Amino acid sequence: MTRKLVGAVFLGACLLIATGAQAESCLKVTLTGTQGGPPVFKGQAGAGTLVQFGSVENKCNDVRLQFDTGRGTTQRLSQAGVPVGQLDAVFLTHLHSDHTEGLADMMQLRWHFNSGGPKVDLVCSEETKSPLGFSLSCARFAKHIGDSLIQSGEIAQRLAENKKRLPGGPAELITVKDFKPTDEAKEVWSKGDVSVSAIRSTHIAGHASYRVDTPAGSVVIGGDAGNDIRKPPARPPPLIRLKSLQQVRTSSSIRPFIL
């Protein structure tokens, strides 16, 4: 009996260890901004999506990825409980200002309080020629992200206050990982169990869409992706002539989905 009891206890301990080793994984997606285009509409933040992966126990906080950085991204991340200094990587779908203008604010804040690192990966398309012949460059955008603050003298003033900050400003905290978007998806970033792939999509030159794959599931971020060949809209269904308003039925179970 004693041997059986010892064996049962040992087996139970092994099961507990195995269960702990296989903690349930967690994937969390937060829209940090839904306003499209340069206009401002009723205080909405600009385009952005936060993707978090981890275990249920740590609330999906092993890997934190930000896709696009429209205006207000820093505030939305703060509301989500994710300081900009904890982001592992930032991904840009394309170089339109409504998808990028929040990056300078994010990186300046990171420079203030996280100059000791680690750096953040900026994943984006390599320099691309537009059909009109000008260049779109994510690398140059990153290199000059803090130029206005350098020219104004703020960086020098902040360095005088705290010499541990990086002398080159927020650009020194960015590691650019650019790639050439192609018609076949390819991996452009990974960390542990998380892999991010990219594929060419149409909006402007260098536009890319991303897919995040994790053990807990996958999510796709399209940016402003469109088709190469525009297609006419689908033909609308034929109109139904109603004899009276009584023929129109409503259901109280239907509710709008509000972001």
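What counts, and at which threshold
Residues numbered from 1 in each chain as written. Predicted model: local features only at pLDDT ≥ 70, side-chain atom pairs only at ≥ 80, totals over all residues. Heavy atoms only, no water. Helix = DSSP H or I, 4+ residues; strand = E, 2+ residues; numbered from the N terminus. Buried < 20%, exposed > 50% of the residue type's maximum accessible area, 1.4 Å probe, protein only. Contact = heavy atoms within 4.5 Å. Areas by Shrake-Rupley, 256 points an atom, 1.4 Å probe, with all protein chains shown as cover. Pairing = 2+ DSSP bridges. Axes fitted to C-alpha atoms, helices over the stretch in contact; angles between N-to-C directions. 1 Å grid on protein atoms, 1.4 Å probe; cavity = no way out; pocket = protein on both sides within 12 Å on 5 of 7 lines; lining within 4 Å. Points joined across faces, edges and corners; volume = space filled by probe spheres on them. Nonpolar A, V, L, I, M, F, W, Y, C, P; charged D, E, K, R; others polar. Disulfide = S-S within 2.5 Å. Phe/Tyr/Trp six-rings, centres within 6.5 Å; stacked < 30°, edge-to-face > 60°. Lys NZ or Arg CZ within 6 Å of the ring centre and 35° of its normal. Parallel < 35°, antiparallel > 145°, perpendicular 65-115°, else oblique.

Q: Explanation requested: the overall build of the chain in the structure shown.
A: Regarding its fold elements, the chain presents 7 helices and 12 strands. For the chain, with 259 residues in total, the buried portion stands at 35%. When contacts within the chain are restricted to residue pairs at least 6 apart in sequence, those whose partners lie at least 24 apart make up 57%. Accessible area for the chain stands at about 16,400 Å²; split by element, carbon and sulfur atoms hold 57% of it.

Q: Would you explain the sheet that holds strand β1 (residues 25-33) in this entry?
A: Hydrogen bonds between backbone groups are what pair the strands of a sheet, and the pairing can be parallel or antiparallel. Within the open sheet, the 6 strands sit side by side as β1-β2-β3-β4-β5-β8. Their pairing is mixed. Both outer strands of the open sheet, β1 and β8 (174-179), are each paired with one neighbouring strand and no more. This sheet shows a mean twist of 20° between the axes of neighbouring strands, independent of strand direction. Its contacts with the sheet place helix α4 (residues 102-113) against β4 (89-91), β5 (120-125) and β8, and it is angled at close to 160° to β5.

Q: For this particular structure, what's the right way to read the environment of L159?
A: Relative to the elements of secondary structure, L159 occurs in helix α7 (residues 154-161). The sequence separation of L159 and G169 amounts to 10 residues, and the corresponding C-alpha distance is 9.1 Å. Here L159 is in contact with W111, R165, L166 and P167, once residues within four sequence places are set aside.

Q: Looking at this structure, how should I read the sheet that holds strand β9 (residues 186-191)?
A: Across the sheet, which stays open at both edges, the 4 strands sit in the order β9-β10-β11-β12 with antiparallel pairing between neighbours. A single partner strand is all that each edge strand has here, and the edge strands are β9 and β12 (217-221). Each strand of the sheet is rotated relative to its neighbour by a mean of 20°, with strand direction disregarded. By the bridge criterion, 5 bridges tie strand β11 (residues 208-214) to β12 in an arrangement that is antiparallel. Each bridged residue has a counterpart across the sheet, and for R211 the counterpart in β12 is V220.

Q: Honestly, empty space enclosed by the protein in this entry has me stumped. Any pointers?
A: Unfilled space is identified by rolling a water-sized probe across the atoms. Applying the stated criterion across every chain yields a total of 1 cavity of 30 Å³ or more. What the largest cavity holds in volume is close to 80 Å³. Taken together, L92, T93, H94, L95, C124, S125, E126, T128, L136, C138, A205 and G206 make up the lining of the largest cavity. Grouping the amino acids of the lining of the largest cavity by side-chain chemistry returns 6 nonpolar, 5 polar and 1 charged.

Q: Got a minute to help me understand the state of the cysteines in this structure?
A: A covalent bond bridging the sulfur atoms of two cysteines is what the word disulfide describes. Taken as a whole and judged by the stated rule, the model has 2 disulfides. With a sulfur-sulfur separation of 1.6 Å, C26 is cross-linked through a disulfide to C60. Of the two residues, C26 is situated in strand β1 and C60 in the loop between β2 (48-55) and β3 (63-67); the sequence distance between them amounts to 34 residues. Judged on exposure class, the residue C26 and its partner C60 are both buried. One disulfide in the model links C124 with C138; its S-S distance is 1.9 Å. Note on the C124 and C138 pair: the S-S dihedral is about -85°, so by sign convention the disulfide is left-handed. Note that C124 is positioned in strand β5 and C138 in helix α5 (residues 138-143), a separation of 14 residues in sequence.

Q: Just to check I follow, could you spell out the packing of aromatic side chains for this structure?
A: Where two aromatic rings form a pair, the distance of their centres and the angle of their planes describe that pair. A full pass over the atoms with the stated rule returns 5 aromatic pairs. Ring centres of F91 and W189 lie 6.0 Å apart, and the angle between their planes is 85°; this geometry places the pair in the edge-to-face category. Pair noted here: F91 is in strand β4 and W189 is in strand β9, with a separation of 98 residues, a long-range link. Here the aromatic rings of F179 and Y210 are separated by 6.1 Å at their centres, their planes lie at 75°, and the arrangement is edge-to-face. Taken together, the residues F179 in strand β8 and Y210 in strand β11 connect sequence positions 31 residues apart. Residue F179 is classed as buried on the basis of its relative accessible area of 7%. Aromatic ring contacts, followed pair by pair, group F67, F91, F179, W189 and Y210 into a single cluster. In this arrangement the basic side chain of R165 is found over the ring face of W111, its NZ or CZ atom lying 5.6 Å from the centre.

Q: Even after reading the chapter, I still don't get the packing of α4 against α7, so can you show me in this structure?
A: Relative placement of two packed helices is described by the angle separating their axes and the distance separating the axes. Direction vectors running N to C along α4 and α7 enclose 20°, while the axes themselves pass 11 Å from each other. Classified by the angle their axes make, α4 and α7 are roughly parallel. Contacts from Q108, W111 and H112 of α4 reach α7 at E154, I155, R158 and L159. Here the contact of α4 with α7 is built from residues that sort into 3 nonpolar, 2 polar and 2 charged.

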